[in-house]
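Given next are the chains, with one letter for each unit.
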Protein chains: 2
Amino acid sequence: MDKLKTYVRSVPDFPKKGINFYDITTLLDNPTGFEEALSEMERYIRGKKADRIVGIEARGFIFGAALADRLKLPFVPARKPGKLPYRTVSASYDLEYGTDSIEIHTDGVKRGDKVVVVDDLIATGGTLAAVCKLVEKLGGEVVGISAVIGLPFLPYDHKLAGYDTQILITYDSE
Amino acid sequence: MDKLKTYVRSVPDFPKKGINFYDITTLLDNPTGFEEALSEMERYIRGKKADRIVGIEARGFIFGAALADRLKLPFVPARKPGKLPYRTVSASYDLEYGTDSIEIHTDGVKRGDKVVVVDDLIATGGTLAAVCKLVEKLGGEVVGISAVIGLPFLPYDHKLAGYDTQILITYDSE
């Protein structure tokens, strides 16, 4: 899938000096690139026989919702605190400085559901691991994680140990 | 399209007392409901001969990205300040108390592009009007606005005057 890299823009010093930001807006701007990414993700999710797709705010919505439409599966948004109006479960995760948290609706996942969690990029894996915990708290099974980009130097392997993970492209350094 | 209302959940007193929140997560949870909404929006955008779709963070990403995938059109995210890594244009709009602003990448719209702007819900129309201004600032033409829900009592007509608007369902009061 290294061809996909040609659609991703690398923006130096964002969000701060020394960080290289992998910008997927150029991929989204190219229907061929978006199609290639989605087709690979679709194949993976189909193989996992998922019952529903959880997408992580905000860029995970872009891939997760298009995949839910393709596969005719329910789409469940995982959102930042205070955004979901109904009853929620919440999990917190560590940031470089401090913590943040993420929520899903209590009726977003049913007991026994096979769930694939979708995001655009995996850095430390902290948010994804928190979302997986929420799915499990509601009785669901995380049958897979699918993301476009992985940054293994960060490294996410530890936090996502035990989960099957599809990553389309990786970058080896900042 | 009033059948679509059966998929939308009404949550009282969110985000604050006296406000009725129209929750589309129950629609997203139902592949039939999501399909019905997307098919109507797809037909509208096709009729407008749009060159690209702009989706507004965060719930507008859900509909906009799935539509971009269906129509094989570029998807352009309109985001809250500081989220987009490349060069941006920014517009501010009034909130009940204070102001907020919204950004798109300067290369997100090309001169002469026909653009449809997508969001889940139109309340006062302030964010949407700001995004339309950004599209026009970059030389694009807003050929339409498409949203699932409209709350005409708020009223958005004034701010969106002059734009062609598709709204699938409306609610008459809070």
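Here the structure is shown first, and the text comes after it.
Here's what I pulled together on the structure shown here. As the structure is a prediction and not an experimental result, all values here were calculated from the model.

**Re the relation of the copies chain B and chain A**
Under the fitted operation, chain B is carried onto chain A by 0.0 Å of movement along the axis and a turn of 180°, and the coordinates agree to an RMSD of 0.0 Å. Classification of the inter-copy transformation places it as that of a two-fold axis. Within chain B, the C-alpha atom positioned nearest to the axis of rotation is that of B:Ala66, 2.0 Å from it. Both copies present the same face, since 100% of the interface residues in chain B are matched by interface residues at the equivalent positions in chain A.

**Looking at the sheet that holds strand β3 (residues 52-56) of chain A**
All names here are of chain A. One open sheet accounts for five strands, arranged β4-β3-β7-β8-β9; its pairing is parallel. This sheet does not close on itself; its edge strands, each paired only once, are β4 (75-78) and β9 (165-170). On average, each strand axis in the sheet is inclined to that of its neighbour by 20°, with strand direction left out of account. Taken together, the eight bridges between strand β7 (residues 114-122) and strand β8 (residues 141-150) define a ladder with parallel strand orientation. Bridge assignment links Ile122 to a residue of β8, and that residue is Gly150.

**A closer look at the interface of chain B and chain A**
Contacts between the two partners involve 39 residues from chain B and, on the opposite side, 39 residues from chain A. In total, about 3,000 Å² of surface goes out of reach between chain B and chain A, with carbon and sulfur atoms giving 58% of it. At the boundary of chain B with chain A, the tally comes to ten salt bridges. Of the charged contacts in the structure, one is a salt bridge between A:Arg52 and B:Asp29, with a shortest N-O distance of 2.6 Å. For the interface between chain B and chain A, the tally reads 14 residue pairs in polar contact (both at pLDDT 80 or more). For the side of chain B that touches chain A, the leading source of residues is helix α3 (residues 59-71) of chain B, giving seven residues. Taken together, the residues of the side of chain B that touches chain A sort by class into 20 nonpolar, four polar and 15 charged.

Parameters and conventions
Within each chain, residues carry numbers counting from 1 in the order of the written sequence. Naming scheme: in the order in which they are written, chains are lettered from A and ligands are numbered from 1. Reporting of local features is limited, given that this is a predicted model, to residues whose pLDDT is at least 70; pairs of side-chain atoms are given and counted only at 80 or more, and all residues count toward the totals for whole chains, interfaces and linings. Heavy atoms from the whole structure form the basis of all side-chain values; hydrogens and water molecules are not counted. The least-squares superposition of copies is restricted to C-alpha atoms, and to residues with a pLDDT of at least 70 in both copies. What makes two residues a contact is simply this: any of their non-hydrogen atoms within 4.5 Å. At least two DSSP bridges between two strands are needed for those strands to be called paired. A helix here means a DSSP run of H or I that spans at least four residues, while a strand means a run of E at least two residues long, and both kinds are numbered starting from the N terminus. Where helices are involved, their axes are fitted lines through C-alpha atoms of the stretch in contact, as for all axes, and angles between N-to-C directions lie from 0 to 180°. Joining two parts hides part of their accessible area as seen by a 1.4 Å probe, and the buried area is that hidden amount summed over both. Within this document, salt bridges are pairs made up of a side-chain nitrogen of Lys or Arg and a carboxyl oxygen of Asp or Glu, the two lying within 4 Å of each other. Residues adjacent in sequence count toward polar contacts only when both atoms are side-chain atoms; beyond that, a polar contact is any pair of N or O atoms within 3.5 Å, and within protein one must be able to donate a hydrogen and the other to accept it. When residue character is reported, Ala, Val, Leu, Ile, Met, Phe, Trp, Tyr, Cys and Pro are called nonpolar, Asp, Glu, Lys and Arg charged, and the others, Gly included, polar.

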